[in-house]
Amino acid sequence: MSTVSTFSGFTMARLGIMASSKAMEVTGNNISNINTVGYTRQSLDQRALYIGGADVYASQFDVRVGAGALTTGVSQLRDPYLDIRFRNENAQVGFYEGKYSILERLSIIFDEVGKGEEDGGVLEQQFNKLLEELQVMNTEHAGDKSYDASVRGAAQNMVQKFHAYADALDRVLKNTTEEFKENIGKVNSILKSIRELNESIKKAEISSGAISDAERKEGMIGERGQQALELRDQRNVLIDELSKLIPIDVKYSDESIGAGMTVEKLTITLKGNSDAVLVDGVYFGQISVQEDPKKPGSGEEDPYLRLQISVLENNLGQKMAKNKPGGEIYKIGDQELKGGTIQAQREMLTKTGEYSPAGDVTMDAAATTKRGIRYYQNVLDALARKTAEIFNKANTTDKDGFLLVDANGNGIQYNGPNPATDADKADINNYQQTADGKPLINGAGVLFSSEGDGDNPNGITASNIAISYSWSHEEAHIIQTRDPAKNGLSTANDNIIHLIAQMQANQDFKPSDILADNHNPRPGSPANSDTVFFSGSLQGMLTYINNNLGGDKKTTMEVLDNYYSSAEELDLGRMSVSGVDLNDEAISMMQFQKSYSASCRLLTTLDEILDKLINGTGIAGR
């Protein structure tokens, strides 16, 4: 006797028809979503049906046969390992892409490839023009006021270019800050959307059949997750997008819902730190800039733009328990984010290279090699100030270093200790006003000021450098000589020669040159090391700035290309597993169509057999 009923064949055929029909539906769904962004190829899960137990009329000679096929669910074809690798590479792509974008904007500002005045000129060309005008004055027209005006005009053009560069850098800083804040908002929006999808997926799993641990051990799948595959696709797209902004780890685990039943739970943390939880199932956090640690309670943002993760909460506002990860505010360290666009923007907004204070070096050992927007503001200010100092010193002191004018432009003469030290010469208290109030050398006075309507030589930066009031109103001019004994001699030109030499001579640049007015996150903070970082001419300093920028840009692009190629290769690998291939689906469609036809044919054959058995048996000889 058989261990299955006479009509078991009909059950096999029926199950075969149902399985083939459902497989055709899955194939059709794949084909219809071939162009859907983020869609993951689906496949029908099925297993052979086994019926246990012994038949009452079982025979030792009977052969046990399976009872057909059962469809147990629909699953996605996805490789978790490729997802992990892609998201790791994507974080690096985001970092170097964000950094390169900012360096590109800076390079446009400092672009020194120009054709001259007809195209508006560039800063180096303005230096060269100023030098040329000084040389013309020296060789042919020393003492001629009209040629002093020509030098002043060249200086004015240089000043305007400094202003243009400074304004452009301010705009880059402002725009990058806005983009940084927008990306924080984007991250928060993604985290909220992932939480909402987690909740929807959880509800779908519960409604379509959560499974028990015992069932899981037996390999049963049931309908779990069948209704949430499209939601998972949406979530994966968001996770990929998030991984480019900040480096993350993604973990899937089972969450108990009671009665021995579990559903899947997704947890997202910062990469390498399980305590920095961003999403935990239906709970999510939000990132924001920390409060300035030096001004607690002020509500002011940390000037270094360090971030923090809020306490996790659900859609009802209920917060995560304090004894669990995500139950307290998590403060992200300066270098804790090992990639992502947000970290790139943070560094470009706060890193100051050689101007980095000791605290910056403590937070980031490589701080002195990272040159952000503020670094370029600092070096541009240093160049403007050094230029102004050269001209002002040459026009306000004599050949021995004694002052010629006071802060108000009045003529003064030395009346202090003799012999005089450098400190004595610089001490204004050691001077007295000249008898007629005029300088000992005609035209002596400040040439560059920090304000256009005054003669203040202090605090000069690229954004405020100006032709002094006295020079613009011809109350002062470039003096011909620094020797009071040669004052008034039309042939004297040693000061002009001195200025030409100073423009071409090596000048030392170090962080303390602009200490009180630097653009560090905490303005005025001294550098960790006040050593000379460049020694060369004024034009050489500009070349140094461009070389640093060009080198950083080139290196960043090379690294970006490597990470981009790697990420693209991994994404193609993911697509080969998860993407819909029309050829594969066409083959599957033919396969399932044939299995459907075969199951139908089996049903017809079984019907014929039973008809013969019932209606044709035992009628011979009638």
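Residues numbered from 1 in each chain as written. Predicted model: local features only at pLDDT ≥ 70, side-chain atom pairs only at ≥ 80, totals over all residues. Heavy atoms only, no water.

Student: Help me out: how do you make sense of the overall build of the protein in this one?
Tutor: When helices and strands are tallied, the protein shows 14 helices and 16 strands. Rg of the C-alpha trace for the protein: 40 Å, well past the compact-globule value of 25 Å for 622 residues, more than 25% over. In terms of its C-alpha atoms, the protein occupies a principal-axis envelope of roughly 155 × 55 × 35 Å. Out of the 622 residues in the protein, the part that is buried amounts to 45%. Roughly 30600 Å² of accessible area belongs to the protein as shown, and the carbon and sulfur atoms make up 51% of that amount. Of the charged side chains in the protein, 62 are positive and 87 negative, and the gap between their average positions amounts to 7 Å. (Helix = DSSP H or I, 4+ residues; strand = E, 2+ residues; numbered from the N terminus. Rg over C-alpha atoms; globule rule 2.2 N^0.38 Å. Buried < 20%, exposed > 50% of the residue type's maximum accessible area, 1.4 Å probe, protein only. Areas by Shrake-Rupley, 256 points an atom, 1.4 Å probe, with all protein chains shown as cover. Lys, Arg positive; Asp, Glu negative; His and termini not counted. Charge placed at Lys NZ, Arg CZ, Asp CG, Glu CD.)

Student: It is not clear to me how the packing of helix H3 (residues 123-139) against helix H13 (residues 538-578) should be interpreted in this structure. Could you clarify?
Tutor: Helix-helix packing is characterised by the crossing angle of the two axes and by the distance between the axes. It is the contact of H3 with H13, at a shortest axis distance of 10 Å, that shows an interaxial angle of 175 degrees. The orientation of H3 with respect to H13, classified from their angle, is roughly antiparallel. Where H3 approaches H13, its residues Leu123, Glu124, Phe127, Asn128 and Leu131 are matched on the opposing element by Leu538, Gln539, Leu542 and Thr543. (Axes fitted to C-alpha atoms, helices over the stretch in contact; angles between N-to-C directions. Parallel < 35°, antiparallel > 145°, perpendicular 65-115°, else oblique. Contact = heavy atoms within 4.5 Å.)

Student: Mind showing me how you'd approach the nonpolar core here?
Tutor: Ranked by internal contacts, the top residues of the largest apolar core, which has 90 residues, are Leu106, Phe162 and Phe448. Among the elements that make up this core, the one with the highest residue count is helix H4 (residues 145-209) (19 residues). (Core = buried A, V, L, I, M, F, W, Y, C linked by side-chain atoms within 4.5 Å.)

Student: Would you explain the sheet that holds strand E8 (residues 287-289) in this entry?
Tutor: Sheets are built from strands paired through backbone hydrogen bonds, the pairs being either parallel or antiparallel. Taken in spatial order, the 3 strands of this open sheet run E8-E9-E10, and their pairing is antiparallel. Only two strands of the sheet have a single neighbouring strand rather than two, namely E8 and strand E10 (330-331). (Pairing = 2+ DSSP bridges.)

Student: Can you help me understand the environment of Thr461 in this one?
Tutor: Tracing the sequence through the fold places Thr461 in the loop between strand E13 (448-449) and strand E14 (466-467). Its relative accessible area of 7% is what places Thr461 among the buried residues. Counting along the chain gives 39 residues from Thr461 to Ile500, while the straight-line C-alpha distance between them is 22 Å. When neighbours within four sequence positions are excluded, Thr461 is seen to be in contact with Asp381, Ala384, Arg385 and Asp517.

Student: Just to check I follow, could you spell out the packing of aromatic side chains for this structure?
Tutor: Between two aromatic rings, the relevant description is the distance of the centres plus the angle of the planes. According to the stated counting rule, one finds 15 aromatic pairs in the structure shown. Each ring, one from Phe127 and one from Phe162, has its centre 6.0 Å from the other, and the planes form 90 degrees; the classification is edge-to-face. Of this pair, Phe127 sits in helix H3 while Phe162 is found in helix H4, placing the two residues 35 residues apart along the sequence. Measuring from centroid to centroid gives 5.4 Å for Tyr414 and Tyr431, while their planes differ by 75 degrees, and the two rings are edge-to-face. Of this pair, Tyr414 sits in strand E11 (residues 412-414) while Tyr431 is found in strand E12 (residues 431-433), placing the two residues 17 residues apart along the sequence. In this structure, Arg371 is placed above the aromatic ring of Tyr375, and the distance from its NZ or CZ to the ring centre is 5.6 Å. Between the NZ or CZ atom of Lys425 and the centre of the ring of Phe402, over which it lies, the distance is 5.1 Å. (Phe/Tyr/Trp six-rings, centres within 6.5 Å; stacked < 30°, edge-to-face > 60°. Lys NZ or Arg CZ within 6 Å of the ring centre and 35° of its normal.)

Student: Mind showing me how you'd approach the pattern of salt bridges here?
Tutor: Note on pairing: side chains with opposite charge can pair once their charged atoms come close. On inspection of all chains with the given rule, the structure shows 37 salt bridges. Salt-bridge contacts for Glu354 lead to Arg371; the nearest nitrogen and oxygen are separated by 3.1 Å. Of the two residues, Glu354 sits in the loop between helix H7 (341-350) and helix H8 (358-363) while Arg371 sits in the loop between H8 and helix H9 (373-396), which places them 17 residues apart along the sequence. A relative accessible area of 17% means that Glu354 is categorised as buried. Salt bridges sharing common partners tie together Arg78, Asp83, Arg87, Asp240, Asp571 and Arg574. (Salt bridge = Lys/Arg side-chain N within 4 Å of Asp/Glu carboxyl O.)

Student: Just checking my understanding: could you explain H7 for this structure?
Tutor: Given 3.6 residues to a turn, an α-helix orients residues that are three or four positions apart in the same direction. Among the 10 residues that make up H7, 10 are buried, leaving the element largely enclosed by the rest of the structure. Among the residues of H7, those classed as buried are Thr341, Ile342, Gln343, Ala344, Gln345, Arg346, Glu347, Met348, Leu349 and Thr350.

Student: Help me understand the side chain of Thr387, please; the structure alone is not making it clear to me.
Tutor: In this structure, Thr387 sits in helix H9. One polar contact links the side chain of Thr387 to the main-chain carbonyl oxygen of Leu383, over a distance of 2.8 Å. What Thr387 contacts, discounting residues up to four positions off in sequence, is Phe127, Met158 and Leu538. (Polar contact = N/O pair within 3.5 Å; in protein donor to acceptor, adjacent residues only side chain to side chain.)

Student: Honestly, the pairing of strand E5 (residues 261-270) in this entry has me stumped. Any pointers?
Tutor: Each regular strand displays side chains that alternate between the two surfaces of the sheet. In terms of burial, E5 is largely enclosed, as 8 of its 10 residues are buried. Here strand E4 (residues 248-258) pairs with E5 via 10 bridges, running antiparallel. Looking at the pairing, Asp254 lines up with Glu264 of E5. Between E4 and E5, which pair antiparallel and follow one another directly, the connecting turn spans 2 residues, one of which, Ala259, has a positive phi of 60 degrees. As defined by bridge partners, E5 adjoins strand E6 (residues 277-280) across 3 bridges and the pair is classed as antiparallel.

Student: Looking at this structure, I do not really get unusual backbone geometry. What am I missing?
Tutor: Asn418 connects to Pro419 through a cis peptide bond whose omega is 5 degrees. One can find Pro419 in the loop between E11 and helix H10 (422-426). Located in the positive-phi region is Leu305, a residue other than glycine, with phi close to 55 degrees. Relative to the helices and strands, Leu305 is located in the loop between E8 and strand E9 (307-309). The class of Leu305 is buried, set by a relative accessible area of 10%. Of note in the backbone geometry, Glu474 takes a positive phi value of approximately 60 degrees without being a glycine. Structurally, Glu474 is set in the loop between helix H11 (469-472) and helix H12 (494-504).

Student: Where do I start with the confidence of the model for the protein in this structure?
Tutor: Within the protein, residue pLDDT values average 88, and 91% of them lie at 70 or more. Ignoring residues within four places in sequence, the model shows residues 114-121, a span with pLDDT below 50, making 10 contacts including any to other chains. Scored below 50 in pLDDT, residues 216-225 makes 25 contacts in the model with residues more than four places away or belonging to other chains. (pLDDT = per-residue confidence, 0-100.)

Student: Looking at this structure, how should I read the side chain of Gln92?
Tutor: Here Gln92 is to be found in helix H2 (residues 80-109). Look at Gln92 and you get buried, because its relative accessible area is 16%. Apart from residues lying up to four places away in sequence, Gln92 is in contact with Lys338, Gly339 and Tyr563.

Student: Where do I start with the environment of Tyr596 in this structure?
Tutor: Note that Tyr596 resides in helix H14 (residues 582-615). It is 8.2 Å that separates the C-alpha atoms of Tyr596 and Ala19, two residues lying 577 residues apart in sequence. If sequence neighbours within four positions are ignored, Tyr596 has contacts with Ile17, Ser20 and Ser21.

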